Amino acid sequence: MIEVKDLAKNFGRKKVLKGISFTAEKGEITCLMGINGAGKTTIMNAIMNLTSFKSGEILIDGEKLNKHSYEKITFIPDAITMLPQMTIGEALQFMKDFYTSWNEIRAKELLEFFRLKENEKISSLSKGNTAKVNLLLGLALDVDYLLMDEPFSGIDIFSREQIANVFTSHLVEDRGVIITTHEINDIEHLIDKAVLLDDGMVLREFSTEEVRENEGKSVVDVMREVYQR
Amino acid sequence: MLRYWKLIGIFTIIILSVGTYYVQAGLASNNYPDFSIQKISGDDKAVEDLTLITRYVSNNHSYGDYLKITREGSVYQSELSYMDRLTGLYIDSEIKRLQKDYRNFMRGKGESIPTFFENEEWLVHVGPFGIDYHETSFEVEMLDKNTKDVTSFQVNIPDKNYQYMNIQDVQMIQDELSIVTRNFYSGGPSQSDTEEFHVYRVDIGNQKIISDDVIYSNEGDYTGSEWTHLGEVNSYSSIGQEDYFVFRLDYVEQDDRADSSMHTRTEYIAYEYAANELVEIDLPDKLKGIENIVHVNGSTIYFIETKEEELQITAYHIENQELNTIDIQTTEEVYDMNYFPIVKNGNMYITNFGDEGANVLVIDTETEELLYEGKVESTDQQSFKDGYLDFNQIIVE
Amino acid sequence: MKNYLKLVDFELKRFINIYFVLIGLTIISQITGVILKSRDYLERANVAIYENSLSLEQFISQNGKLSIHQLLQTGWFMIPIALSAAALIFYCFLIWYRDWFGKNTFIYRLLMLPTARLNVFLAKATAIFLMVLGLVGIQLILLPIENTIFKSIIPVDLRMDMPLNEIINGAGYGYLQILIPNSFVQFLINYGIGFMMVFILFTSILFERSFRIKGIIFGIVYYFVAVTVFLFPIMAEIYWGFGYLYPSEIFVLEIILGLLITVFSIWLSNYLINQKVTV
């Protein structure tokens, strides 16, 4: 379980996070939602210790993040995290060199699934393919938790479908996933939990299944309720 | 491993090239010639404790390095360990000894011999060596060698008009300090500049100036066509007890035709510390040449010159105004001028440098005998053609 | 340790193309310089002796013998060295900023490696050190080769020969003496100070990367404070004159200060990169 407790952060005098708390379970897909600037990416960065925060606490399976955690939890930001001059093969080799949790078989499987070639240079890839390589680098790690920042932004429709398929496949099974998006349509049916953010605060945290069963509402219904109030 | 060839390659190049260079540099001594003092006649014992500090300057590379030369050979400063090199070879050996023995007392006191005085009980420093017009006092520090107590105090300089002054000697006579200075006064637009020797006497007990005596002023020497320059003779020779402060007056005459000036003669005057008065020195004309090499030891002034290709030493005794001349017969020809004498333990050590080499002579001042004659020789015949030795100091341990 | 070495190798590879260009440029420029300048001199000698019928001695007394020092003072030698130095100093900044700016934010990957982040810091520093020393090594190999070329062009009567250490020590403006000092201790001191400065600079950059605008001020202040603390004993001696400390004491003090500043800089960098740095 990833626990975010009372997370607060300022940029200069501006408070970007004003005491965020939520949890994300293993085996579930948790979606952070909110308009741009709501602090979604900052929360992701904070979980991965890629930015400092003023106060609060983040625990992963009850522990603070340390260097070994990166074998257990990984983050796929919205831009690719490899150098443009590298080929896909070199990028995979880099991952293999440093991560013991790197799963070579799964990497090959994903290459095939996304129809990518190892000798292609990252700088020469299309936007969609770049996003797929980026996704691959995270998915081929045998990690318990996977954080994804806007995996669908700026990508063509076919690539979106392919990526969306990943979420229903065995590649994501059993893992805890935190995903951010401002376009809910693509994944509404996939997510288990939604955290609605605005202005650095959690407006509502709910289980999509409960809302559907008890209140008969879709995620979009709840969002409309919360944001248009 | 093959993947890391760039890392391994760069690393190997560094280790091999840098390693080879410094191992080689460490094994090979430098390329400057070695020197040693070689006997021509006399007793080797006389130069057992003798060290010459010189600088070898090579003509062609315009590069030089300090070295010390003994009977056994020579060591260049660049061959010393890094730590030893930090204290230059050229620093006066007396100062080095004091810095070693009285490390804390010697801190921040500079390296000017004239500012120190040492006897059995005391080590005294009066500073700073150079005092300019906006400084108004002497800093006196006295170390009691037995108790290690340091007394320090300031005394105000009564004279206020000097442009600047240099300390020429410090002496301790019972409970008084005598500080000899050479003071410079700028003369204003229509007057000539003036130099004066002063003696400031300080009462150690109440830490006050007793007197400021002008022992010589060259103000009156200016006649329009002739004037004098003042020069110290024995400021630098010792930090110990001295009876006299000897100074010289170099007479300069205006040569209108050539629009230049020239030295005409030199006179010497001694100041006797104990009596606090000047003693006249009456010399024959032949010793009034300005080119004479002069050395003072105790109450004797030695004049060293070359006479008919032989070395001649004239000793003048200040107390009784007696003169005696010692002719030294050397096997090797001496080089005119460039004599550097010191007197230690009753012996006079003279080094005599010339273009083609250097002579080393030891003379017993009592018996007037030549105890030792030798020369500085090089392992390399070319040494004195490719460069020259620049004399710095003689050390007799 | 293994991750550290992998990272060093990786950092080297990222700059190796430009690095090889620098090496190539140095080799080509210096050797061209030796050949051109030597030929130039030889040509003058030929004109003087065969056309103006000067004797060899007269020519030498007028022009002097040619020594490799005269070649070392030309732009052919100094410009590639200055260029390499400038490039490496510039790369001290680039080695960090290229991970943040640039289309692909590689810093995410570096910070998320399952290894101590200090390794990333040390690997970048090591890569710089290796490249600096590598160029020094190349220069040390190059000098004897250049000397051989020089000897093969200029006849023995017209040239002045000298061993490698004299070539280095006597070179004009003393620039080679700073890069390759006479004694190994001095070599360690020069590069020790250089590497300390790199660590201080890296810490300053991390200040900026952690606190951005405010961090620029912290970084600059840190840099100047660190350098001032290091130079303080020497500056104090120069400013107050009179040698209160003996040279050997200043030397020991500087070594201690240098080590302390280096260790402190690494410690501070470790803190910043672990706790404060922001992608």
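Residues numbered from 1 in each chain as written. Chains lettered and ligands numbered in written order. Predicted model: local features only at pLDDT ≥ 70, side-chain atom pairs only at ≥ 80, totals over all residues. Heavy atoms only, no water.

1. Some points on the packing of aromatic side chains
This structure, assessed with the given rule, holds 46 aromatic pairs over all chains. Measuring from ring centre to ring centre gives 5.5 Å for Tyr268 of chain B and Phe303 of chain B, while their planes differ by 80°; the resulting arrangement is edge-to-face. Linking Tyr268 of chain B in strand 16 (residues 260-272) with Phe303 of chain B in strand 19 (residues 300-307), this pair joins segments that are 35 residues apart in sequence. Across this residue pair, the class does not change: Tyr268 of chain B and Phe303 of chain B are buried. Relative to Tyr273 of chain B, the ring of Tyr271 of chain B lies with its centre 5.4 Å away and its plane at 85°, an arrangement referred to as edge-to-face. According to the relative accessible area criterion, Tyr271 of chain B is buried, its value standing at 0%. Of note, Lys124 of chain C hangs over the ring of Trp96 of chain C, and the distance from its end group to the ring centre comes to 5.2 Å. (Phe/Tyr/Trp six-rings, centres within 6.5 Å; stacked < 30°, edge-to-face > 60°. Helix = DSSP H or I, 4+ residues; strand = E, 2+ residues; numbered from the N terminus. Buried < 20%, exposed > 50% of the residue type's maximum accessible area, 1.4 Å probe, protein only. Lys NZ or Arg CZ within 6 Å of the ring centre and 35° of its normal.)

2. Notes on the interface of chain C and chain A
Taken residue by residue, the interface counts 25 residues in chain C and 26 residues in chain A. Summed over both sides, the interface of chain C with chain A buries roughly 2400 Å², with 59% coming from carbon and sulfur. Put simply, chain C and chain A have zero salt bridges between them. Counting the contacts that link chain C with chain A gives nine residue pairs in polar contact (both at pLDDT 80 or more). Put simply, the parts of the chain that give the side of chain C that touches chain A at least two residues each are helix 1 (2-51), helix 5 (106-111) and helix 10 (247-276) of chain C. Per-element accounting of the side of chain C that touches chain A gives the leading share, five residues, to helix 1 of chain C. Partitioned by chemical class, the residues of the side of chain C that touches chain A number 11 nonpolar, seven polar and seven charged. (Contact = heavy atoms within 4.5 Å. Buried area = accessible area lost by both parts, 1.4 Å probe. Salt bridge = Lys/Arg side-chain N within 4 Å of Asp/Glu carboxyl O. Polar contact = N/O pair within 3.5 Å; in protein donor to acceptor, adjacent residues only side chain to side chain. Nonpolar A, V, L, I, M, F, W, Y, C, P; charged D, E, K, R; others polar.)

3. What to know about the domain arrangement of chain C
Residues and elements named next belong to chain C. Structurally, chain C comprises domain 1 (1-177) and domain 2 (183-279). Here the C-alpha centroids of domain 1 and domain 2 sit 27 Å apart. Summed over both sides, the interface of domain 1 with domain 2 buries roughly 2000 Å², with 83% coming from carbon and sulfur. Counting across the domain 1 and domain 2 interface gives zero salt bridges. Seen at the junction of domain 1 and domain 2, the total is three residue pairs in polar contact (both at pLDDT 80 or more). Contributions of two or more residues to the side of domain 1 that touches domain 2 are made by helix 4 (75-100), helix 5 and helix 6 (117-153). By residue number, the principal contributor to the side of domain 1 that touches domain 2 is helix 6, which donates 11 residues. (Domains from an automatic or database assignment.)

4. Things to note about the sheet that holds strand 19 of chain B
Residues and elements named next belong to chain B. Taking strand neighbours across the sheet as the criterion, the four strands line up as 18-19-20-21 in an open arrangement whose pairing is antiparallel. Of all strands in the sheet, those bounded by a partner on one side alone are strand 18 (293-297) and strand 21 (322-328). Between one strand and the next, the sheet's axes are offset by a mean angle of 20°, whatever the strand orientation. As paired strands, strand 20 (residues 310-317) and strand 21 are joined by seven bridges and run antiparallel to one another. Note on strand 21: the bridge partner recorded for Tyr316 is Leu323. (Pairing = 2+ DSSP bridges. Axes fitted to C-alpha atoms, helices over the stretch in contact; angles between N-to-C directions.)

5. Focus on the pattern of salt bridges
Close approach of charged atoms allows side chains of opposite charge to pair. Taken as a whole and assessed by the stated rule, the structure comprises 41 salt bridges over all chains. The salt bridge involving Lys40 of chain A is made with Glu150 of chain A; its shortest N-O contact spans 3.2 Å. Here Glu150 of chain A lies in the loop between strand 6 (145-149) and helix 5 (157-168) and Lys40 of chain A lies in helix 1 (residues 40-47), a separation of 110 residues in the sequence. A single network of salt bridges, built from pairs that share partners, joins Glu226, Arg265, Glu267, Asp285 and Lys288 of chain B.

6. A short note on the environment of Tyr273 of chain B
Residues and elements named next belong to chain B. Within the element layout of this structure, Tyr273 appears in the loop between strand 16 and strand 17 (277-280). Overall, Tyr273 belongs to the buried group, its relative accessible area being 4%. Once the C-alpha coordinates of Tyr273 and Ser178 are considered, the two residues, 95 residues apart in sequence, prove to be 7.6 Å apart. Beyond its immediate stretch of four places on either side in the chain, Tyr273 contacts Asp169, Gln171, Ile173, Ser178, Val180, Glu242, Asp243, Tyr244 and Phe245.

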